[in-house]
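If you want the building blocks of each chain, they are given just below.
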Amino acid sequence: MTVTTLSTVDADGHAVRSALFDAVGRLDDAIRPVVAYHLGFCDEHGRPVAAASGKSVRSRLTMLAARAAAGDDLCAIPGAVAVELVHNFSLVHDDLMDRDATRRHRPTVWAVWGDAVAVLAGDAMLALAHEVLLDSGSPHAVAAARLVGKATQDLIRGQAADVDFEHRNDVTLAECIHMAMGKTAALLAASAAVGGVLADAPPATVAALQSYGDNIGLAFQLVDDLLGIWGDPAVTGKPVFSDLRSRKKSLPVTWSLESGRPAGRALAQWLAQSGEPGENDLKAAADMVETAGGRRWARAEARRRVRAAQRALDTVPIAPDCRRELVALADFIVERSA
């Protein structure tokens, strides 16, 4: 099977990245270099670099949705920039909360500039996202900004639940799915809907695109959780078993805990322990998740969600080439390795 790459599904990355660069130029002199560093425009000294800037799935989705709805995606560039800024606001704060010192093979913002600057950099990106949309001149800017604002609230709700789960040993799979629908799926769903709204798509088309985004959003989180346990550190930039090291109640873990299998019960006992786990402990815990069936379930559920996303597209008229690109993006999400 040929694994889809992002280059297959994005022909507008340069336009969005150029607009993102211009948007960052609006920021105050004190915070602009920090945000530019996080987005991969420069190093910590402000020198331009060609560093990897992430997968840009959300901005690509906004552009694809607009093309699917209207055949022209230039109207969606402000929306693509906005959702990318909101996503990166969440990453900077997430790195700080999790004390992750590395992202995309570089030190994270808090690791370079400290906690206070990381908070301010995230806040600056969130404010800038709405400024870019509302200054776009689009007659649909306010509606798009409302979608982004609601998705941001859902994202924060999901992130708060994720933090709360760290202190609980009774997290259910239903709770974990609800958390993931906020933390990850909400912004992906909004990214698709914003593209449709800015392209003045009919309400049924916007709803179908939003449903597509919801489903690929949960698929994204399922794959993220798999990579958080079994991902290749050389590709992900994080240590192997990283989620287990923090005893994270991820989707494959909570499914395993509810499986009723001996390995699931052993995993519950392991999670209830205190102290820093060693490498052998982490491997044993990963084996418990696999033996209980959590790894297999998460992979199958991610693929099921991708199929549901594809079915949502079938409910409205979409040009065949646009549908193929949206399907390719969904396939990339479920087959990615980082």
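Preceding block: the structure.
Given the structure is predicted, the values throughout are model-derived calculations rather than measurements.

S.K.: Now, about the overall build of the protein: what can you tell me, with residues and values included?
M.R.: Helix and strand counts for the protein stand at 17 helices and two strands. Relative to the compact-globule value of 20 Å for 338 residues, the protein shows a C-alpha radius of gyration of 20 Å, a close match. Its C-alpha atoms put the protein at 60 × 50 × 35 Å along the principal axes. Taking all 338 residues of the protein together, the buried fraction comes to 55%. Across the protein, contacts joining residues at least 24 apart in sequence account for 73% of those joining residues at least 6 apart. By element, 55% of the accessible surface of the protein is carried by carbon and sulfur atoms, the whole surface being about 14,400 Å². Side-chain charges of the protein comprise 36 positive and 42 negative groups, with the mean position of each set lying 5 Å from the other.

S.K.: Now, about the packing of helix α5 (residues 77–98) against helix α8 (residues 141–165): what can you tell me, with residues and values included?
M.R.: Axes are the key here: two packed helices are described by the angle between their axes and the distance separating the axes. In the contact formed by α5 and α8, the axes pass within 11 Å of each other and the chain directions differ by 20 degrees. Here α5 lies roughly parallel to α8, going by the angle between them. The handedness of the crossing between α5 and α8 comes out as right-handed. Residues V83, V86, F89, S90, D94 and M97 of α5 pack against V148, T152, L155, I156, Q159 and V163 of α8. Of the residues that constitute the contact of α5 with α8, the class distribution is eight nonpolar, three polar and one charged.

S.K.: Give me the lowdown on the packing of aromatic side chains, citing residues and values where you can.
M.R.: Applying the stated criterion to the full structure yields three aromatic pairs. Taking the centre distance of 5.1 Å and the plane angle of 75 degrees together, the rings of Y37 and W113 count as edge-to-face. Of this pair, Y37 sits in helix α3 (residues 32–38) while W113 sits in helix α6 (residues 109–113), and the two are 76 residues apart along the sequence. Given the relative accessible area of 28%, W113 is considered partly exposed.

S.K.: Quick one: what's the story with unusual backbone geometry, residue by residue and with numbers?
M.R.: A positive phi angle, near 55 degrees, is found at R99, a position not held by glycine. When you line up the elements, R99 lands in the loop between α5 and β1 (102–103). One non-glycine residue, D200, lies in positive phi territory at about 60 degrees.

S.K.: I'd love a proper account of the pattern of salt bridges, names of residues and values included.
M.R.: The final tally for this structure, using the stated rule, is 22 salt bridges. A salt bridge links K150 to D154, with the nearest nitrogen and oxygen atoms 2.9 Å apart. Placement of both K150 and D154 in helix α8 is noted, with a separation of four residues, approximately one turn of the helix. Here the salt bridges do not stand alone but share partners, grouping D164, R168, D170 and E175 into one network.

S.K.: Summarise the nonpolar core; cite the residues concerned and give the values.
M.R.: Grouped together as the largest cluster of nonpolar side chains are 51 residues, with contacts concentrated most on V24, L27, V35, V81, L85, V86 and L133. When contributions to this core are tallied by element, the ones reaching two or more residues are α2 (13–24), α3, α4 (57–70), α5, α6, α7 (115–134), α8 and α9 (173–198). For this core, the element with the most residues is α5, which contributes 10 residues. Formed by 42 residues, the second largest nonpolar core is a distinct cluster that contains A65, L227, V316 and F332.

S.K.: I'd love a proper account of the environment of G195, names of residues and values included.
M.R.: Tracing the chain through its elements places G195 in helix α9. The spatial distance from the C-alpha of G195 to the C-alpha of L64 is 7.4 Å, given a sequence separation of 131 residues. The contacts of G195, once residues within four sequence positions are left out, are T62, A65, A66 and A76.

S.K.: An account of the environment of E290 is requested, with residue identities and associated values reported.
M.R.: Within the element layout of this structure, E290 appears in helix α15 (residues 279–292). The exposure class assigned to E290 is partly exposed, which follows from its relative accessible area of 36%. Residues E290 and V253 lie 37 residues apart in sequence; the distance between their C-alpha atoms is 9.3 Å. Excluding residues that lie within four positions of it along the chain, E290 makes contacts with W230 and R295.

S.K.: Could you give me a rundown of the side chain of D225, with the residues and numbers involved?
M.R.: Residue placement: D225 occurs in helix α10 (residues 203–230). Within polar-contact distance, the side chain of D225 engages the side chain of Q221 at 2.8 Å. Contact partners of D225, with chain neighbours within four places excluded, come to D243, S250, L251 and P252.

S.K.: Talk me through α15; I want residue IDs and the actual numbers.
M.R.: When the terminal C-alpha atoms of α15 are compared, their 20 Å separation across 14 residues agrees well with the 20 Å that a helix rising 1.5 Å per residue should span. Buried residues of α15: L282, A285, A286, M288, V289 and A292, and no others. Each buried residue of α15 sits inside an arc of 150 degrees when the element is viewed along its axis, so together they form one side. Along α15, exposed side chains directed more than 90 degrees from the buried face belong to N280 and T291. Of the surrounding elements, those touching the buried residues of α15 are α10, α12 (242–245), α13 (251–257), α14 (262–271) and α16 (294–313). A positive phi of about 100 degrees marks G293, the residue just after α15.

Conventions used here
Residues numbered from 1 in each chain as written. Predicted model: local features only at pLDDT ≥ 70, side-chain atom pairs only at ≥ 80, totals over all residues. Heavy atoms only, no water. Helix = DSSP H or I, 4+ residues; strand = E, 2+ residues; numbered from the N terminus. Rg over C-alpha atoms; globule rule 2.2 N^0.38 Å. Buried < 20%, exposed > 50% of the residue type's maximum accessible area, 1.4 Å probe, protein only. Contact = heavy atoms within 4.5 Å. Areas by Shrake-Rupley, 256 points an atom, 1.4 Å probe, with all protein chains shown as cover. Lys, Arg positive; Asp, Glu negative; His and termini not counted. Charge placed at Lys NZ, Arg CZ, Asp CG, Glu CD. Axes fitted to C-alpha atoms, helices over the stretch in contact; angles between N-to-C directions. Parallel < 35°, antiparallel > 145°, perpendicular 65-115°, else oblique. Left-handed = near helix turned anticlockwise from the far one by under 90°. Nonpolar A, V, L, I, M, F, W, Y, C, P; charged D, E, K, R; others polar. Phe/Tyr/Trp six-rings, centres within 6.5 Å; stacked < 30°, edge-to-face > 60°. Salt bridge = Lys/Arg side-chain N within 4 Å of Asp/Glu carboxyl O. Core = buried A, V, L, I, M, F, W, Y, C linked by side-chain atoms within 4.5 Å. Polar contact = N/O pair within 3.5 Å; in protein donor to acceptor, adjacent residues only side chain to side chain. Expected span 1.5 Å × (residues − 1). Arc of directions from axis to C-beta.

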